[in-house]
There are 2 protein chains.
Amino acid sequence: MLEPFDDTYFMQKALQEAQNAFDRGEIPVGAVIVTDNRIIAKGHNLTETLTDVTAHAEMQAITAGSSFLGGKYLKDCTLYVTLEPCQMCAGALYWSQITRVVFGASDDHRGYRKMGTQLHPKTQVTKGILATECSDLLNQFFAARRRLN
Amino acid sequence: MLEPFDDTYFMQKALQEAQNAFDRGEIPVGAVIVTDNRIIAKGHNLTETLTDVTAHAEMQAITAGSSFLGGKYLKDCTLYVTLEPCQMCAGALYWSQITRVVFGASDDHRGYRKMGTQLHPKTQVTKGILATECSDLLNQFFAARRRLN
């Protein structure tokens, strides 16, 4: 049976956000938050545009999602993000008590798993959805940046 | 010799921010960022007011400080915060490469040290400045909240 609203579908939406970041010259990471098969928040990395280290895709999406819901806790929500969250974003996800986190590419250097950051005990994690597409976009960005330097 | 601009002086300013949080019914945590003996950013916890788990005092101060400086990195800056940073805030401080972090009260449950969060290798830490005053304000807040429930 065709399932239009699966993890791959929503990760594609997060990838579109990552492409938006790429187009602005930002490290291409994108995120969406979904509840009941509906996207309630989107975000992409804006650290250069806003000159603000806290402006990661996930942080924008958490703030927007909470605002949409009118509450601090992202109950029954799933965050889709193209790159494994860092310490800061995993720490924010911890406070949000989000139900599920799905990420694309792993970050073996600064990802929350390598850094030992704790998500909330309630939070389930799925990794590797469209991992190749997510990391290809990042590699393309850094390759282009190296050519410019 | 009298030193008007020492750690105690700036922690008092962070405590005033914590009092502002208290007066709004927010968990009373406050922060200031200082460079060259000058406060360039202030923040207090606004998680309830903004219904946003990311609205910790330190996050507000980091965003405001970067905006003031016009750059992402908090070089030659010190963050004073009344409570030991959590995973999220320590993760944000990691990205900011801040020169120094000074905190008042320790958080033995959810503080970054207990959680194993890494600050940037460049960042120096001082703890325990006005620790009693910082924790007294927190205890007063939680005691009042228990009486209301």
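Small disclaimer: the values here were computed from a predicted structure and weren't measured. Note on numbering: residues in each chain are counted from 1, in written sequence order. Each chain gets a letter, beginning with A, and each ligand a number, beginning with 1, in the order they are written. Two thresholds apply to this predicted model, a pLDDT of at least 70 for residue-level local features and 80 or more for giving and counting side-chain atom pairs, whereas whole-chain, interface and lining totals are computed over all residues. Excluded from the side-chain calculation are hydrogens and water; included are all heavy atoms of the structure.

Residue and element names in this part refer to chain A. Unusually for a residue other than glycine, L130 sits at a positive phi of about 55°. The numbering of helices and of strands both runs from the N terminus, where a helix is a DSSP run of H or I of at least 4 residues and a strand a run of E of at least 2. Locating L130 in the fold gives a position in the loop between β5 (124-127) and α5 (131-148). Accessibility here uses a 1.4 Å probe with only protein chains present; expressed as a share of the type maximum, an area under 20% marks a residue as buried, one over 50% as exposed, and anything in between as partly exposed. Overall, L130 belongs to the buried group, its relative accessible area being 15%.

Residues and elements named next belong to chain A. Geometry of aromatic contacts follows a simple scheme: Phe, Tyr and Trp rings, the Trp one being its six-membered ring, pair when their centres are within 6.5 Å, and the pair is stacked under 30 degrees between planes, edge-to-face over 60, tilted otherwise. In this structure the tally under the stated criterion is 16 aromatic pairs over all chains. Ring plane angle 35° and centroid distance 5.4 Å describe the contact between F10 and Y80, whose orientation is recorded as tilted. Of this pair, F10 sits in helix α1 (residues 7-23) while Y80 sits in strand β3 (residues 78-83), and the two are 70 residues apart along the sequence. By relative accessible area, F10 is classed as buried at 3%. You can call Y80 buried: its relative accessible area is 4%. With 6.4 Å between their ring centres and 85° between their planes, F103 and Y112 make a pair best called edge-to-face. For F103, a relative accessible area of 0% translates into the label buried. Overall, Y112 belongs to the buried group, its relative accessible area being 8%. These aromatic residues form a ring-pair network of at least three members: F5, Y9, F10 and Y80.

What follows covers the UniProt feature "binding site: Zn(2+)" (unreviewed entry) in chain A. All names here are of chain A. UniProt positions are given in the numbering used here, feature names are shortened, and annotations may be inferred rather than shown by experiment. Using the residue numbers shown here, the UniProt feature "binding site: Zn(2+)" (unreviewed entry) corresponds to H56, C86 and C89. For this annotated set, covering 34 residues, all C-alpha atoms fall within 9.3 Å of each other, a compact arrangement in space. Relative to the assigned elements, H56 resides in the loop between β2 (38-44) and α2 (57-69). Owing to a relative accessible area of 16%, H56 belongs among the buried residues under this scheme. When you line up the elements, C89 lands in helix α3 (residues 87-96). Classification of C89 by relative accessible area gives buried; the value is 0%. Here a residue-residue contact requires only that any non-hydrogen atoms of the pair lie within 4.5 Å. Other than its neighbours up to four places away in sequence, C89 contacts H56, E58 and M59.

We now examine the sheet that holds strand β3 (residues 78-83) of chain B. Residues and elements named next belong to chain B. Any two strands with at least two DSSP-identified bridges between them are counted as paired. An order of β2-β1-β3-β4-β5 is seen for the five strands of this open sheet, with the pairing classed as mixed. Single-partner strands in this sheet number two, and they are β2 (38-44) and β5 (124-127). Across the sheet, the mean angle from the axis of one strand to that of its neighbour is 15°, orientation sign disregarded. Sheet topology places β3 next to strand β4 (residues 100-105); five bridges connect them, and they run parallel. Between N-to-C directions, angles span 0 to 180 degrees; the directions come from axes that are lines fitted to C-alpha atoms, helices contributing only their stretch in contact.

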